[in-house]
Amino acid sequence: MSAQGLTPERREKVQALVLFGPPGSGKGTQAKLLMQCLGIPQISTGDMLRENIQADSPLGREVSGIMRAGALVPDEMVNALVEQRLASPDCARGFILDGYPRTRQQAGALHNWLMKRNIDELVIHLVVDYNSLITRLTGRRQCPQCGTLYNLISRPPKQGEICDKDGTKLVIREDDSAPVIKERLAAYDRQTQPLIAYFREEGRRLLALDANDVRPQELLEEICRAIREDARGS
Ligand code: ADP
């Protein structure tokens, strides 16, 4: 069945989709595709934090150094940001979490929030090898004008490092430099990866998908199939 074949009744039960995986696993790309095909919003803590930095808000000023170093922002800040966002009316029919939760404390806070509202939680774990992550992250480029993401290896622009859409020179995200990438992956191993065992212990619904050598659209189809099977089985 195509990704579009997920009818509203079929995904009635799946309201909170948690896209889980290391930096570079494709969470952001998949969250955007899922948002289009399911019609529910993508909530990316990374994007929200970067917007705060861009707007030079008090939160942005507090977190910019932490993010530049590739470390995790304190739980209470991210939890507050997410809770505020989830209270928006557009989240009432469900939402896709991208990059949250990333610590056990965040996972607990989210779970409590969802339990109180009787919202179902489904974790989709995108599994990618370490070497592929490094290649993907070091090749990542973005258009500073329109935000389009490219990858010099897997999704190169048509010409040099220039945006196909508006001809702007592409840039490297500040935290995509080699030492910061290493730190972000280390933070994932230390603080986020252990959540998988925690999700299992807690009996959370968890689907693991091999996201190594698969095109984004194919992975989307697989995710949609997995969601459908989960809805049937739960
Ligand atoms: P990636 O998954 O590629 O690292 P993100 O945009 O999700 O990219 O995150 C970028 C940075 O934002 C992280 O390195 C971290 O500093 C901060 N961040 C994002 N989400 C969280 C979170 N849930 N908890 C703590 N810090 C976060």
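Heads up: the structure comes first, above all this text.
Cut-offs applied
- Residues numbered from 1 in each chain as written.
- Predicted model: local features only at pLDDT ≥ 70, side-chain atom pairs only at ≥ 80, totals over all residues.
- Heavy atoms only, no water.
- Buried < 20%, exposed > 50% of the residue type's maximum accessible area, 1.4 Å probe, protein only.
- Helix = DSSP H or I, 4+ residues; strand = E, 2+ residues; numbered from the N terminus.
- Pairing = 2+ DSSP bridges.
- Near = heavy atom within 4 Å.
- Polar contact = N/O pair within 3.5 Å; in protein donor to acceptor, adjacent residues only side chain to side chain.
- Areas by Shrake-Rupley, 256 points an atom, 1.4 Å probe, with all protein chains shown as cover.
- Nonpolar A, V, L, I, M, F, W, Y, C, P; charged D, E, K, R; others polar.
- Axes fitted to C-alpha atoms, helices over the stretch in contact; angles between N-to-C directions.
- Left-handed = near helix turned anticlockwise from the far one by under 90°.
- Contact = heavy atoms within 4.5 Å.

A.B. asks: I would appreciate a short explanation of the pairing of strand E4 (residues 121–127) in the present structure.
C.D. replies: Burial within E4 is extensive, with six of its seven residues counted as buried. Relative to E4, strand E1 (residues 16–20) is paired through five bridges, and the arrangement is parallel. Bridging across to E4, Leu19 finds its partner in Ile124. As defined by bridge partners, E4 adjoins strand E7 (residues 205–210) across six bridges and the pair is classed as parallel. Counterpart to Leu126 in the pairing with E7 is Leu209.

A.B. asks: Teacher, can you tell me more about the site of the ligand here?
C.D. replies: As a structural note, the neighbourhood of the ligand is formed by 19 residues, with Thr45, Arg50, Ala71, Gln106 and Arg184 the closest of them. In this structure, Thr45 approaches the ligand through a side-chain N or O atom, which is 2.7 Å from a nitrogen atom. Between an oxygen atom of the ligand and a side-chain N or O atom of Arg184, the distance comes to 2.7 Å. Coverage of the ligand by the protein chains reaches 96% of its 540 Å² of free accessible surface. Of the residues forming the shell around the ligand, the biggest block, four residues, is contributed by helix H2 (residues 45–54). Class assignment of the residues belonging to the shell around the ligand gives a composition of eight nonpolar, four polar and seven charged.

A.B. asks: Where do I start with the packing of H2 against helix H3 (residues 58–68) in this structure?
C.D. replies: A packed helix pair is summarised by two numbers, namely the angle formed by the two axes and the spacing between the axes. Contact geometry of H2 with H3 gives a least axis separation of 8 Å together with a crossing angle of 115°. When the axes of H2 and H3 are compared, the crossing they make is left-handed. Counting all contacts with H2, which are made through Gly46, Leu49, Arg50, Asn52 and Ile53, the residues of H3 involved are Leu59, Gly60, Val63, Ser64 and Met67. Across the contact of H2 with H3, the residue classes break down as five nonpolar, four polar and one charged.

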